[in-house]
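Fold and geometry: a report
What follows is the residue order along each chain.
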Amino acid sequence: MLRLRARYVMTARTDGSGNGPVDGVERIAVLRANALGDYVVAVPALDALRRAYPGAAITLLANAWHADFLTGRPGPVDDVVVLPPITGLTTPEPGHAAPDAFYAGLAERRFDLAVQIHGGGRHSNPFVRRLGARVTAGLRAPDAEPLDRWAPYAYFQHETLRFLEVAALVGAATDRVEPRIAVTDADRAELAATLGEPPPGLVALHPGATDPRRRWPAANFAAVADRLGRPVVVTGTPAEEDLVMETVAAARDPATPVLNLGLGGLAALYERCSVVVSNDTGSRHLAAAVGTPTVGIYWCGNLVNAGPLTRTRHRPVISWTVACPTCGASGVDLTAGRCPHDPSWVDGVTVDEVAEQVHDLLGG
């Protein structure tokens, strides 16, 4: 997202035991408690931990939606512990501390390894240290406590590669950098019960994004749809209903709004699509992770942190705007604060640019 943080330049440190595997690991805790796209970009690191420690149980310390989505889903996570409101971890509001009893319950799990992939560590490293694991590993900014093994946190680095560096601290590696998420029979059943059988050649548009500065205009999504001659769905959360319906209304050809699928059903829908066209948001990450080609509209700074790492099936179309269109505040000066304006930083991307990439992925 378009957020600014201090620049960090550091040298990695360890507890002196090197960066190899940790002996005798049976239980691993991983802290990653945020949104859908944030989870998806961390999957390759989780896969690497699973490969390095095939007999260990991996517990994700996360949010309620993680538990709903990951329970029963094949993948590297065995179970999810839902965190309460904790300032700097699961809420930005001050004054929220986890109860001592919560830490005691986590300590009773006797984690052998605790891995922090939840930011620079000012709040997350003290939390991880209180788990009582034999070895801790993760990211560290200059204002953060050290862990036993740590890698420097620098803002402009791709999140997937950042987390793979952390996994490497404990001897974990993978040959897959693009995340994959399994679609289950329950996901497909939810899709069938809600929408029926998707038509062949389906294209999905996702005009929403949490940060309004990352939203391409709804009329542009509709204009792309009108060039395809294919069945189209427009996906969004219930909070994005107005944006979804604006896109549907702007399209000359009929498009179907989809607002009532859970994440599993949405994964099944994207699995059936020929291509997904989306802003830089969790839906694009989810579509790519279930194996569907994507065209993403990206602000250049966000591309560094969260863009697709390969181009055969995933095409970012990039806005090179580097200052607020309203007041001129820099978007790349990491010492500056966020200005109060919310115009789109990506509306300079043209319909032609996006449609060209969609047609190429569809085979011309």
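Refer to the structure printed above.
Anyway, here's the lowdown on the structure attached to this text. It should be emphasised that the depicted structure is a prediction, and the values quoted were computed from it without experimental measurement.

What counts and how
- Residues numbered from 1 in each chain as written.
- Predicted model: local features only at pLDDT ≥ 70, side-chain atom pairs only at ≥ 80, totals over all residues.
- Heavy atoms only, no water.
- Helix = DSSP H or I, 4+ residues; strand = E, 2+ residues; numbered from the N terminus.
- Buried < 20%, exposed > 50% of the residue type's maximum accessible area, 1.4 Å probe, protein only.
- Areas by Shrake-Rupley, 256 points an atom, 1.4 Å probe, with all protein chains shown as cover.
- Lys, Arg positive; Asp, Glu negative; His and termini not counted.
- Charge placed at Lys NZ, Arg CZ, Asp CG, Glu CD.
- Pairing = 2+ DSSP bridges.
- Right-handed = clockwise from strand over helix to strand, strands pointing away.
- Axes fitted to C-alpha atoms, helices over the stretch in contact; angles between N-to-C directions.
- Contact = heavy atoms within 4.5 Å.
- Core = buried A, V, L, I, M, F, W, Y, C linked by side-chain atoms within 4.5 Å.
- Phe/Tyr/Trp six-rings, centres within 6.5 Å; stacked < 30°, edge-to-face > 60°.
- Lys NZ or Arg CZ within 6 Å of the ring centre and 35° of its normal.
- Parallel < 35°, antiparallel > 145°, perpendicular 65-115°, else oblique.
- Left-handed = near helix turned anticlockwise from the far one by under 90°.

1. Thoughts on the overall build of the protein chain
Along the backbone of the protein chain there are 13 helices and twelve strands. With respect to the three principal axes, the spread of C-alpha positions in the protein chain is 60 × 50 × 40 Å. When the 364 residues of the protein chain are sorted by exposure, 53% land in the buried category. With the model as given, the accessible surface of the protein chain reaches about 15,300 Å², and the carbon-plus-sulfur share is 52%. Of the charged side chains in the protein chain, 33 are positive and 39 negative, and the gap between their average positions amounts to 5 Å.

2. Concerning the pairing of strand E4 (residues 113-116)
Side-chain positions along a regular strand alternate between the two faces of the sheet. On E4, burial covers both faces: Leu113 and Val115 on one face and Ala114 and Gln116 on the other are all buried. When strand E1 (residues 27-31) meets E4, the two strands line up parallel, connected through four bridges. When the sheet's bridge partners are listed, Val30 is paired in E4 with Val115. Pairing of E4 with strand E5 (residues 135-140), which is carried by four bridges, proceeds in the parallel orientation. For Gln116, the partnering residue across the bridge sits in E5 and is Gly138. Remark: the E4/helix H5 (residues 124-129)/E5 crossover connection has right-handed handedness.

3. Concerning the sheet that holds E4
Spatially, E3-E2-E1-E4-E5-E6 is the arrangement adopted by the six strands of the open sheet, whose pairing is parallel. Either end of the sheet is taken by a strand with one partner, and the two such strands are strand E3 (79-82) and strand E6 (149-152). Sheet twist, expressed as the mean angle between neighbouring strand axes with direction ignored, is 15 degrees. In the sheet, E1 pairs with strand E2 (residues 57-62) via five bridges, with the strands oriented parallel. Paired with Leu31 across the bridge in E2 is Leu61.

4. Things to note about helix H8 (residues 218-226)
Taking burial as the measure, the nine residues of H8 include seven buried ones, the bulk of the element. Within H8, the full set of buried residues consists of Ala218, Asn220, Phe221, Ala222, Val224, Ala225 and Asp226. Buried residues in H8 make contact with strand E7 (203-206), strand E8 (232-235), helix H9 (241-250), strand E10 (275-279), strand E11 (294-299) and helix H13 (351-361).

5. Digging into the nonpolar core
Counting residues in each nonpolar core, the largest one holds 61 residues, and the members touching the most others are Ile28, Val30, Tyr39, Tyr53, Leu113 and Leu286. Those residues within four positions of Tyr53 in sequence are excluded, and the remaining contacts are Pro21, Val22, Val25, Ile28, Leu113 and Val170.

6. Section: unusual backbone geometry
When glycine is set aside, most residues are seen to have a negative phi, and most peptide bonds are trans. Phi is positive for Arg110, which is not a glycine, with a value near 55 degrees. The exposure class of Arg110 is exposed, given its relative accessible area of 62%.

7. What about the side chain of Asn63?
Along the chain, the position of Asn63 falls in the loop between E2 and helix H3 (64-70). Not counting residues up to four positions away in its chain, the partners in contact with Asn63 are Ala33, Asn34, Val80, Val82 and Thr90.

8. A look at the environment of Gly291
If you trace the backbone, Gly291 turns up in the loop between helix H11 (282-289) and E11. Since its relative accessible area comes to 24%, Gly291 is described here as partly exposed. Each C-alpha atom, one on Gly291 and one on Val233, is 18 Å from the other, the two residues being 58 residues apart in sequence.

9. Side note on the packing of aromatic side chains
This model, assessed by the stated rule, comprises seven aromatic pairs. Summarising the aromatic geometry, the rings of Trp216 and Phe221 are spaced 5.1 Å apart at their centres and angled 80 degrees between planes, so their arrangement reads as edge-to-face. Relative accessible area serves as the criterion here: at 1%, Trp216 is assigned to the buried category. For Phe221, a relative accessible area of 0% corresponds to the buried category. In this structure an aromatic cluster arises from ring pairing among Tyr39, Trp65 and Phe69. Over the ring of Phe69 we find Arg73; its NZ or CZ atom is 4.0 Å from the centre of that ring. The ring of Tyr103 carries the charged tip of Arg130 above its face, separated from the ring centre by 3.7 Å.

10. Here we look at the packing of helix H10 (residues 263-271) against H11
Between H10 and H11, the least distance of the axes is 9 Å, while the angle of their chain directions is 60 degrees. Taken together, the axes of H10 and H11 are oblique relative to one another. As for how H10 packs across H11, the hand of that crossing is right-handed. For the pair formed by H10 and H11, the contact residues are Leu263, Leu266, Ala267 and Tyr270 on the first element and Ser283, Leu286 and Ala287 on the second.

11. A closer look at the sheet that holds E11
With parallel pairing, six strands are arranged side by side in an open sheet as E9-E8-E7-E10-E11-E12. What marks the edges here is a single partner per strand, and that holds for strand E9 (256-258) and strand E12 (314-319). Strand-to-strand twist of the sheet, defined as the mean angle between neighbouring strand axes without regard to direction, takes the value 20 degrees. Across six bridges, the pairing between E11 and E12 is parallel. Within E12, the residue paired with Gly296 across the bridge is Pro316. Where H10 meets the sheet, its contacts fall on E7, E8, E9 and E10, and the angle it forms with E8 comes to roughly 150 degrees.

Note that all results are geometric; they support no functional claim without further evidence.
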